[in-house]
Amino acid sequence: MASVRDTAFAALWALAIGTGSVRAAESPSYVAYFEGRYLTALELAEKEAEQGSKEAYTLMGEIYSGGLGVAQDYGKAADAYANAADLGDPNAQFSLGLMVAEGLGVKKDLRIASDLFQRAAEAGNSAAQYNLALIYLHGRGRPTDDVKAAQWMEKAGAQGNAQAQYDLGALYQFGRGVPIDKAKAAEWTGKAAEAGLSAAQVEYGVMLFNGTGVEADQKRAAKLFRLAAEEGNPVAQNRLARLYANGVVVKADPVQAAKWHLLARQAGVSDFSLDIMLSKLTKKQRVQAERAVDAWTSGRLTE
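Keep in mind it's a predicted model, so treat the numbers as computed, not measured.

### Things to note about the overall build of the protein
- Check the secondary structure of the protein and you find 16 helices and zero strands.
- Considering only C-alpha atoms, the protein reaches an extent of 75 × 45 × 35 Å along its principal axes.
- Residues counted as buried form 43% of the 303 residues belonging to the protein.
- Counting every atom, the protein has about 14400 Å² of accessible surface; 50% of that belongs to carbon and sulfur.
- One way to put it: in the protein the 33 positive side-chain charges average out to a point 9 Å from where the 35 negative ones average out.

### Some details on the pattern of salt bridges
- Considering all chains together, one arrives at nine salt bridges under this definition.
- Residues Asp115 and Arg142 are paired through a salt bridge, measuring 2.9 Å at the closest nitrogen-oxygen approach. With Asp115 in helix H6 (residues 110-122) and Arg142 in the loop between helix H7 (126-138) and helix H8 (146-158), this pair connects stretches of sequence that are 27 residues apart.
- Residues participating in the shared-partner salt-bridge network are Arg111, Asp115 and Arg142.

### With respect to unusual backbone geometry
- The phi dihedral of Val249 falls on the positive side, at around 70°, and the residue is not glycine.
- The topology assignment puts Val249 in the loop between helix H13 (234-246) and helix H14 (254-266).

### Re the packing of aromatic side chains
- Under the counting rule described, the total for this entry stands at five aromatic pairs.
- A ring pair is formed by Tyr33 and Phe34, whose centres lie 5.1 Å apart and whose planes are at 80°; its orientation type is edge-to-face.
- The exposure class of Tyr33 is buried, given its relative accessible area of 11%.
- Seen in terms of ring centroids, Phe94 and Phe117 are 5.9 Å apart; in terms of plane orientation they differ by 45°. Their pairing is tilted. Of this pair, Phe94 sits in helix H5 (residues 90-102) while Phe117 sits in helix H6; the two residues are 23 residues apart in sequence, bridging distant segments of the chain.
- Note on Phe117: relative accessible area 0%, which makes it buried.
- In this structure an aromatic cluster arises from ring pairing among Tyr30, Tyr33, Phe34 and Tyr38.

Rules of the game
Residues numbered from 1 in each chain as written. Predicted model: local features only at pLDDT ≥ 70, side-chain atom pairs only at ≥ 80, totals over all residues. Heavy atoms only, no water. Helix = DSSP H or I, 4+ residues; strand = E, 2+ residues; numbered from the N terminus. Buried < 20%, exposed > 50% of the residue type's maximum accessible area, 1.4 Å probe, protein only. Areas by Shrake-Rupley, 256 points an atom, 1.4 Å probe, with all protein chains shown as cover. Lys, Arg positive; Asp, Glu negative; His and termini not counted. Charge placed at Lys NZ, Arg CZ, Asp CG, Glu CD. Salt bridge = Lys/Arg side-chain N within 4 Å of Asp/Glu carboxyl O. Phe/Tyr/Trp six-rings, centres within 6.5 Å; stacked < 30°, edge-to-face > 60°.

Written out as structure tokens, the structure reads:
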């Protein structure tokens, strides 16, 4: 497994809305928002905000930051999030933290961003817990502290944050902030795989295939490789190509092996042994493989 990745803060932007305690049925502004009536939602949220609703301020921030029905305005979004954050809304604290971390509508300041993530994390926001863990891992905004990183990563993972589960698996595998524990590494990576994270499906598939930290199960491993390969993961495509090329778990099929190898190679994953296999195909097999690649690619484009 590769080392824990330096995930971009902005990658979690979509988690800012939809994780709070307010349900659409409880607020006219949120009803309008989830129905796609953004201007109406904004007007209603402004009225609700005047009555002291922190969730309304958060919704205003979402509308302005996303440019939903209005011109995108990070300055107005930051102001709205700040009002909600001051009123104690963890979603707003998280979203404002993202903006401060990226310097969107406000001055970039990772120290302030980390403080905002801390407030939201302590309130139970899993995305904030994950970002706070990254801050401690990489020493961005706070001194590096692998133990605290692992603690916050585990809190986020326990709430079902798949990326946190995957990265926590890596921490246990390499002993960063926690003792090396292959079983826990497999357990957390498996949770992320079950959640549908393709990178985790590949890593857990490898663990299952080799029996690392978990009882070996090559059939299950092959299924995970296929799931991730169909999602476009090139490493999984390479693994699946190897299975077909060698007739391991699945029936040997040079055309299928070539198909998945070509897809993986297009994405930058090279494999000399599979290149040799490819060179030995008959002209008919090569055409079949290339048509299979085209069909798979076309299907992805039309989804």
